[in-house]
Amino acid sequence: MGIPKQITKPKFDRLSELEKQVISLLARESQPIDRIKLLENDTIPLSDLVNALQSLSRRCLIEQQGSSYTVPPVLKQYAIAHAV
């Protein structure tokens, strides 16, 4: 069933456009991906990517596994369903 929309929507509404872009990139992947793969999209400068990853990690909206990142399953489902 997942997290109700009324809980996740406010969290996503507070994200910057860059953070939404990072969440979207991570949500499309089935496995954790590292910064190098994220940088391959050529739309996010390294410094902005690092800042977005740190911000999202602090808010527990992404998970870091070694040098790779992923979106928790429930948030991934929300991001994909709502085309974040």
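Residues numbered from 1 in each chain as written. Predicted model: local features only at pLDDT ≥ 70, side-chain atom pairs only at ≥ 80, totals over all residues. Heavy atoms only, no water.

**Brief notes about the sheet that holds strand E3 (residues 68-70)**
Across the sheet, three strands lie side by side as E1-E3-E2; this open sheet has antiparallel pairing. Every interior strand has two partners, whereas the edge strands, strand E1 (33-34) and strand E2 (63-65), have only one. Sheet topology note: the E1/E3 ladder contains two bridges and is antiparallel. Bridge pairing in E3 links Ile-33 to Tyr-69. (Pairing = 2+ DSSP bridges. Helix = DSSP H or I, 4+ residues; strand = E, 2+ residues; numbered from the N terminus.)

**Some words on the pattern of salt bridges**
This structure, assessed with the given rule, holds two salt bridges. Two residues, Lys-20 and Glu-17, come together in a salt bridge whose shortest N-O distance is 3.7 Å. Of the two residues, Lys-20 and Glu-17 both sit in helix H2 (residues 17-27), three residues apart, roughly one turn of that helix. For Glu-17, a relative accessible area of 62% puts it in the exposed group. Between Arg-59 and Glu-19 there is a salt bridge, with the nearest N and O atoms lying 2.4 Å from each other. Highlighted residues: Arg-59 in the loop between helix H4 (46-58) and E2 and Glu-19 in helix H2, separated in sequence by 40 residues. Given a relative accessible area of 35%, Arg-59 falls into the partly exposed group. (Salt bridge = Lys/Arg side-chain N within 4 Å of Asp/Glu carboxyl O. Buried < 20%, exposed > 50% of the residue type's maximum accessible area, 1.4 Å probe, protein only.)

**With respect to the packing of H2 against H4**
Look at H2 against H4: their axes get within 10 Å of each other, and the N-to-C directions meet at 80°. Here H2 is positioned roughly perpendicular relative to H4, judged by the angle of their axes. Taking contact as the criterion, the partners of Leu-18, Glu-19, Val-22 and Ile-23 in H2 are, on H4, Asp-48, Leu-49, Ala-52, Leu-53, Ser-55 and Leu-56. For the contact of H2 with H4, the per-class residue count stands at seven nonpolar, one polar and two charged. (Axes fitted to C-alpha atoms, helices over the stretch in contact; angles between N-to-C directions. Parallel < 35°, antiparallel > 145°, perpendicular 65-115°, else oblique. Contact = heavy atoms within 4.5 Å. Nonpolar A, V, L, I, M, F, W, Y, C, P; charged D, E, K, R; others polar.)

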